[in-house]
Amino acid sequence: MNRAEIEAYIREIQATKIEEFKDRAAEAELFRIKYLGKKGVIGSLFEQFKSIPPEQKKEVGQVLNQLKVAAQTKIEEFKAFVEEAELADNAHDLTLPADFAQPGSRHVLSVVMNEITDIFSRIGFTVAESVEIEDDWHLFSALNFPPDHPARDMQDTFFVEKQEGMSEVALRTHTSSVQVRVMENNKPPIRIIAPGRVFRNEAISARAHCIFHQVEALYVDKKVTFADLKQTLLYFAKEMFGEQTQIRLRPSYFPFTEPSAEMDISCNICGGKGCNICKGTGWLEILGCGMVDPNVLEACGIDSHEYTGFALGMGVERMAMLKYQVRDLRLYFENDLRFLRQFDTIL
Ligand code: DAH
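Caption draft 1: Representation of the site of the ligand in the model. Neighbouring residues of the ligand: 15 residues in total, closest His-174, Ser-176, Arg-200, Gln-214 and Glu-216. At a separation of 3.0 Å, a nitrogen atom of the ligand approaches a polar side-chain atom of Ser-176. For the ligand, the protein covers 87% of the area, taking 360 Å² as the surface of the free molecule. When residues of the shell around the ligand are traced back to their parent elements, those giving at least two are α7 (176–185), β6 (211–221), β9 (283–292) and β10 (308–315). When grouped by side-chain class, the residues that make up the shell around the ligand number five nonpolar, eight polar and two charged.

What follows is the structure in structure tokens.
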């Protein structure tokens, strides 16, 4: 390498005119790569510069720096030129209407969860929230689950790795644990609604998911009866699914309620005549409920001779499925905009 060679490059650069490029942006980029790219002209000259005789270093070094500055300056010029040309090309028409900005919207599960919470808050229930990682006591023992109950099995429950000196800890399998926390820390009258996320060790399919949402309600006071429960359920069903909705209660079993029941509503799709959603029965299963078992009240430090209560729990995904005819649980978690946008208008 020598001074003349470098000066030739400098002249070449100075003579380059972007106005003559056909595809300005692309060719300007090629120019940059040619001179300043990793394996470009300037890089390789600097590489060669290392091995020239010391007495030439000063002279050659100077022109080499001039070359680098010339290339950089040219690229800055190119950039400014390309930008200006683009602006002129698009000649922004300020009279055009603005692009439509898609506003965000709530997820359908939030919408339904808020709706349920709202319906209960209108009759005096207040929201209670609690932890998603729970211990055995709040999840099972205080709720009267016997030690060998299948819900305590690894197959149903995600256990968190056991730490020294700690009792069993798991991701909560239901929001009924919130009942226990509230009763332990408050004196009746208690009237709470507990919406939240729950976790179960299930294979994911159209009908089951390992993460879902529940809303739990609890009312404890003097002289709370099954009639109070039934009337609350009827009120809820009508508010949620429409004035014409009917309910029916079927005897059931939960460890934490006695007696226990499951509530069905008249099918809101066929009006009770029978269709494929209600499998021809005219009824849809909606929630579990019952009178709080005295053992649960006592476990939480509430005198079961003085107080009684009712509790109920429902799945939010199922409510949303029935309300909006969602056929596959997985849709809730995929965040496919084609699904989400169908609920844009409901707030
Ligand atoms: N915890 C129950 C479940 O996860 C739902 C439930 C049923 C809650 C009856 C209640 C109840 O409070 O009384 O399936």
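Caption draft 2: Focus on the sheet that holds β10. The strand order across the open sheet built from seven strands is β1-β5-β6-β10-β9-β8-β7, with neighbouring strands paired in mixed fashion. Both edges of this open sheet fall to β1 (126–127) and β7 (247–254), since each of them pairs with a single strand only.

Caption draft 3: Quick peek at the state of the cysteines. Taken as a whole and assessed by the stated rule, the structure comprises zero disulfides. Unpaired in terms of disulfides, Cys-289 finds its nearest cysteine sulfur in Cys-300, a separation of 19 Å. Judged by its relative accessible area of 2%, Cys-289 is buried.

Caption draft 4: Spotlight on the packing of helix α2 (residues 24–36) against helix α3 (residues 41–49). Two elements in contact, α2 and α3, have axes separated by 4 Å at closest approach and are oriented at 5°. Comparing the axis directions of α2 and α3 gives the class roughly parallel. In this structure, α2 uses Lys-34, Tyr-35 and Leu-36 to contact α3, whose residues at the interface are Val-41, Ile-42 and Gly-43. A breakdown of the residues in the contact of α2 with α3 according to their chemical character gives four nonpolar, one polar and one charged.

Caption draft 5: Looking closely at the sheet that holds strand β4 (residues 169–171). Here three strands make up an open sheet; going across it, the order is β2-β4-β3 and the pairing antiparallel. The open sheet has two free edges, formed respectively by β2 (133–135) and β3 (159–160), since each of these has just one partner strand. Here two bridges tie β3 to β4, and the two strands are oriented antiparallel to one another. Paired with Val-160 across the bridge in β4 is Val-169.

Caption draft 6: Expanded view of the environment of Gln-246. In this fold, Gln-246 is placed in the loop between α8 (226–241) and β7. Sequence-wise, Gln-246 and Leu-234 are 12 residues apart; in three dimensions their C-alpha atoms are separated by 7.4 Å. The contacts of Gln-246, once residues within four sequence positions are left out, are Asp-264, Ile-265, Ser-266 and Trp-283.

Caption draft 7: Region of the structure containing the packing of aromatic side chains. Taken as a whole and judged by the stated rule, the model has 14 aromatic pairs. Between the aromatic rings of Phe-125 and Tyr-219, the centroid separation amounts to 6.4 Å while the plane-to-plane angle is 65°, which identifies the pairing as edge-to-face. With Phe-125 in the loop between α5 (108–121) and β1 and Tyr-219 in strand β6, this residue pair connects regions lying 94 residues apart in the sequence. A single burial state applies to Phe-125 and to Tyr-219, both of which are buried. An angle of 70° between the planes, with centres 5.1 Å apart, marks the rings of Phe-339 and Phe-343 as edge-to-face. Across the pair, exposure class does not vary: Phe-339 and Phe-343 are buried alike. In this structure an aromatic cluster arises from ring pairing among Tyr-9, Phe-21, Phe-31, Tyr-35 and Phe-78. Note that Lys-57 overlies the ring of Phe-49, its terminal NZ or CZ placed 5.5 Å from the centroid. The residue whose ring lies beneath Lys-68 is Phe-46, and the NZ or CZ to ring-centre distance is 5.7 Å.

Rules used throughout
- Residues numbered from 1 in each chain as written.
- Predicted model: local features only at pLDDT ≥ 70, side-chain atom pairs only at ≥ 80, totals over all residues.
- Heavy atoms only, no water.
- Near = heavy atom within 4 Å.
- Polar contact = N/O pair within 3.5 Å; in protein donor to acceptor, adjacent residues only side chain to side chain.
- Areas by Shrake-Rupley, 256 points an atom, 1.4 Å probe, with all protein chains shown as cover.
- Helix = DSSP H or I, 4+ residues; strand = E, 2+ residues; numbered from the N terminus.
- Nonpolar A, V, L, I, M, F, W, Y, C, P; charged D, E, K, R; others polar.
- Pairing = 2+ DSSP bridges.
- Disulfide = S-S within 2.5 Å.
- Buried < 20%, exposed > 50% of the residue type's maximum accessible area, 1.4 Å probe, protein only.
- Axes fitted to C-alpha atoms, helices over the stretch in contact; angles between N-to-C directions.
- Parallel < 35°, antiparallel > 145°, perpendicular 65-115°, else oblique.
- Contact = heavy atoms within 4.5 Å.
- Phe/Tyr/Trp six-rings, centres within 6.5 Å; stacked < 30°, edge-to-face > 60°.
- Lys NZ or Arg CZ within 6 Å of the ring centre and 35° of its normal.

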